[in-house]
Amino acid sequence: MSDNIPLEIQQEIIKRFPVKLLIQFRSVSKTWKSLIDSTDFIIKHYNGHHAQVHHLLVKYESDQPDYENKYVSLIDDDTLHQQKLVSLTLPTVVKTLVWPRIVGCSDGLVCLYSPTSSDDYTKGGTVVLWNISIRKAIAIVLPKVIGRIYRSAIGFGVCRKTNDLKIVNITYADRHMTKGMETETCNPPEVEVFTLRTKVWRRSYGNLPRKSIHFNRHNEVVADGVFYWLAADRGLDYGMSYCNMIISFDMTSEEFREITFPDSLTDIVWSLTMYKLGESLVIMGQEDEFENSGLDVWMMGGGDSKSFTKLFTITSEIDSVAGFRRSGEPVIVISKGNGCNQLSIYEPNSKRIDNVGNIDGVGGGGGGVSAYPYMETLLLLDQPDLKVYNGVLKWDAKNKRPWIDATKV
């Protein structure tokens with residue numbers, strides 16, 4: 001671009017381009033690289049959302065070799081059915097994670113969480129924020145948990161006021177580990193918040209969750225700057241195995257809120273799962289546990305527990321719902337036997353099922369497959385490569401893999 005054009009005007013022009021082109025533009029000149037890498041430009045581009053490409057991330061666990069986690073991606077547009085599943089190259093810090101699970105996708109970032117080990121949660125764990133579009137990820141080591149009966153519930157999102165990335169860590173007494181103990185003898189939940197701007201964990205002393213609340217750490221959603229967990233009130237019925245409420249955390253106000261289900265949803269409480277549809281929360285469940293009555297899909301409007309609206313019912317025989325497309329169509333999994341699963345799109349109005357591709361090596365009827373829509377952003381571009389907060393990235397020569405040392409944290 002001509003040097004006669006002021007840099008401010010150049011910035012206004014190029015910030016409208018998609019991420020892929022902007023990454024290429026960084027090679028044009030040192031001036032443009034410095035501009036595009038700047039936090040100010042990244043935020044302006046993020047707030048503009050100009051012509052951003054949307055994708056669909058699919059994660060599954062392959063039993064070959066050694067139950068390895070696989071990540072594939074598709075462009076989420078009208079050509080999705082003609083595309084091939086594209087395997088993603090994992091950043092080094094993602095490869096350090098053991099038994100990782102996706103906490104959620106928001107603002108172009110994927111949040112993954114991994115406990116330090118399967119049998120000792122007192123050592124904390126690691127959260128990784130991964131921007132697939134720019135192939136960059138950072139790791140944040142969680143504070144250690146004091147006491148084996150305590151667990152961590154993780155949330156993340158972007159503050160709508162400051163555009164700062166936040167991670168929330170809730171330490172609470174696990175009801176499965178406190179059997180025979182009175183709730184009063186357990187410590188109340190502790191809440192810590194990490195912000196990328198300050199790069200440190202700080203204690204939150206706002207309206208904390210009640211200590212009788214048990215979080216479903218595998219059923220969570222982030223939407224429009226608010227994180228949601230399915231939860232159960234242990235104080236109502238200690239033996240209860242069903243979730244009967246939602247706990248939300250606003251990334252801007254840092255306030256918790258209890259959302260109870262209306263009477264219209266009481267019949268499906270036993271089978272609830274949560275998903276993200278656009279920037280809204282949807283829940284799905286089945287009315288009859290022993291009959292194939294279909295899966296009801298409900299959307300919550302405006303964060304109001306009284307405004308759940310039934311969208312449709314999935315009546316076709318499927319094995320699981322992996323997630324939702326940006327357009328609102330469910331991404332479903334149909335088992336074909338012998339570890340082969342068909343990834344498909346369900347069209348609610350016509351009830352048509354369109355095959356997207358096959359995923360091999362997934363057992364359990366496809367229940368280990370999850371799908372998350374995400375858009376392209378430049379968030380994390382201004383972060384150092386291979387950055388680990390509160391830990392040190394090292395190489396395990398014996399097992400030939402990277403790992404994060406948090407022993408001095």
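Heads up: these notes are all about the structure in this document. Only a predicted model underlies this, so the values are computations on that prediction, with no experimental measurement involved. (Residues numbered from 1 in each chain as written. Predicted model: local features only at pLDDT ≥ 70, side-chain atom pairs only at ≥ 80, totals over all residues. Heavy atoms only, no water.)

Regarding the overall build of the protein chain
Here comes step 1: A tally of helices and strands in the protein chain yields five helices and 27 strands.
Here comes step 2: For the protein chain, with 409 residues in total, the buried portion stands at 54%.
Here comes step 3: Pairs at least 24 residues apart make up 49% of the contacts formed inside the protein chain by residues separated by at least 6 positions.
Here comes step 4: When the accessible surface of the protein chain is totalled, it reaches about 19,300 Å², and 49% of it is carbon and sulfur. (Helix = DSSP H or I, 4+ residues; strand = E, 2+ residues; numbered from the N terminus. Buried < 20%, exposed > 50% of the residue type's maximum accessible area, 1.4 Å probe, protein only. Contact = heavy atoms within 4.5 Å. Areas by Shrake-Rupley, 256 points an atom, 1.4 Å probe, with all protein chains shown as cover.)

Here's the deal with the nonpolar core
A general feature of soluble globular proteins is that nonpolar side chains tend to end up buried together.
Here comes step 1: Of all hydrophobic cores here, the largest spans 51 residues; its most connected members are L129, I167, W229 and L378.
Here comes step 2: With five residues, strand β9 (residues 165–173) is the largest single contributor of residues to this core.
Here comes step 3: If sequence neighbours within four positions are ignored, L378 has contacts with V19, L22, I23, I36, F41, I42, H45, N131 and I134.
Here comes step 4: Ranked by size, the runner-up nonpolar core spans 19 residues in total, among them I102, C105, A137 and V388. (Core = buried A, V, L, I, M, F, W, Y, C linked by side-chain atoms within 4.5 Å.)

Concerning the pattern of salt bridges
Should their charged atoms come close, side chains of opposite charge can pair.
Here comes step 1: Under the criterion given, the structure shown has 20 salt bridges.
Here comes step 2: Taken together, the shared-partner salt bridges in this structure form one network comprising R26, K33 and D37. (Salt bridge = Lys/Arg side-chain N within 4 Å of Asp/Glu carboxyl O.)

Concerning the sheet that holds strand β16 (residues 273–277)
Here comes step 1: Here we have four strands laid out as an open sheet, ordered β16-β17-β18-β19, and antiparallel in their pairing. Two strands lie at the open edges of the sheet, namely β16 and β19 (308–314), each paired on one side alone. Adjacent strand axes in the sheet meet at a mean angle of 30 degrees, parallel and antiparallel pairs treated alike.
Here comes step 2: Sheet topology places β16 next to strand β17 (residues 280–285); five bridges connect them, and they run antiparallel. In the sheet register, M274 faces β17, and the bridge partner there is I283. (Pairing = 2+ DSSP bridges. Axes fitted to C-alpha atoms, helices over the stretch in contact; angles between N-to-C directions.)

A few points about the packing of helix α3 (residues 30–37) against helix α4 (residues 39–48)
Here comes step 1: As a packed pair, α3 and α4 sit with axes 5 Å apart at the nearest point and diverge in direction by 65 degrees. Contact residues: α3 offers L35, I36 and D37, while α4 offers T39, F41 and I42.
Here comes step 2: Split by residue class, the contact of α3 with α4 holds four nonpolar, one polar and one charged. (Nonpolar A, V, L, I, M, F, W, Y, C, P; charged D, E, K, R; others polar.)

Here's the deal with the side chain of T96
Here comes step 1: Residue position: T96 is located in the loop between α5 (92–95) and β4 (101–106).
Here comes step 2: Among the residues examined, T96 registers a relative accessible area of 9% and is labelled buried.
Here comes step 3: Look past the residues within four positions of T96 in its chain and what remains in contact with it is L393, R401, P402, W403 and I404.

So, the side chain of S114
Here comes step 1: If you trace the backbone, S114 turns up in strand β5 (residues 109–115).
Here comes step 2: At 2.4 Å, the side chain of S114 forms a polar contact with the backbone oxygen of V98.
Here comes step 3: Among residues more than four places away in sequence, those in contact with S114 are L97, V98, W99, P100, G125 and T126. (Polar contact = N/O pair within 3.5 Å; in protein donor to acceptor, adjacent residues only side chain to side chain.)

With respect to helix α1 (residues 7–14)
Here comes step 1: Taken together, the buried positions of α1 are Q10, Q11 and I14. Seen from one end, α1 has its buried residues packed into an arc of 100 degrees, which puts them on one side.
Here comes step 2: Next to the buried residues of α1 lie α2 (19–25), α3 and α4. (Arc of directions from axis to C-beta.)

Considering unusual backbone geometry
Outside of glycine, negative phi angles account for most residues, and trans bonds account for most peptide bonds.
Here comes step 1: A positive phi is found at W99, a non-glycine position, where the angle reads about 50 degrees.
Here comes step 2: Summarising the element assignment, W99 is placed in the loop between α5 and β4.
Here comes step 3: On the basis of relative accessible area, W99 is assigned to the exposed category, the value being 52%.
Here comes step 4: The backbone phi angle of L386 is positive, close to 60 degrees, even though this residue is not glycine.
Here comes step 5: Here L386 lies in the loop between β24 (370–375) and β25 (388–389).
Here comes step 6: Note on L386: relative accessible area 49%, which makes it partly exposed.

With respect to the packing of aromatic side chains
Between two aromatic rings, the relevant description is the distance of the centres plus the angle of the planes.
Here comes step 1: Considering all chains together, one arrives at twelve aromatic pairs under this definition.
Here comes step 2: Their ring planes at 80 degrees and their centres at 5.4 Å tell us that F17 and F25 sit as a pair that is edge-to-face.
Here comes step 3: Relative accessible area serves as the criterion here: at 29%, F17 is assigned to the partly exposed category.
Here comes step 4: Clustering of aromatic rings is evident, with ring pairs tying together Y172, F215, F227, W229, F249 and F256. (Phe/Tyr/Trp six-rings, centres within 6.5 Å; stacked < 30°, edge-to-face > 60°.)

A short note on the layout of surface pockets
A probe matching the size of a water molecule, rolled over the atoms, marks out where space remains unfilled.
Here comes step 1: A volume near 600 Å³ is recorded for the second largest pocket.
Here comes step 2: In terms of lining, the second largest pocket is formed by 21 residues, of which the most central are H55, I132, S133, R135 and E376.
Here comes step 3: Looking at the lining of the second largest pocket, the elements with two or more residues in it are α2, β2 (68–75) and β3 (86–87).
Here comes step 4: When residues of the lining of the second largest pocket are assigned to their parent elements, the largest contribution, four residues, is made by α2. (1 Å grid on protein atoms, 1.4 Å probe; cavity = no way out; pocket = protein on both sides within 12 Å on 5 of 7 lines; lining within 4 Å. Points joined across faces, edges and corners; volume = space filled by probe spheres on them.)

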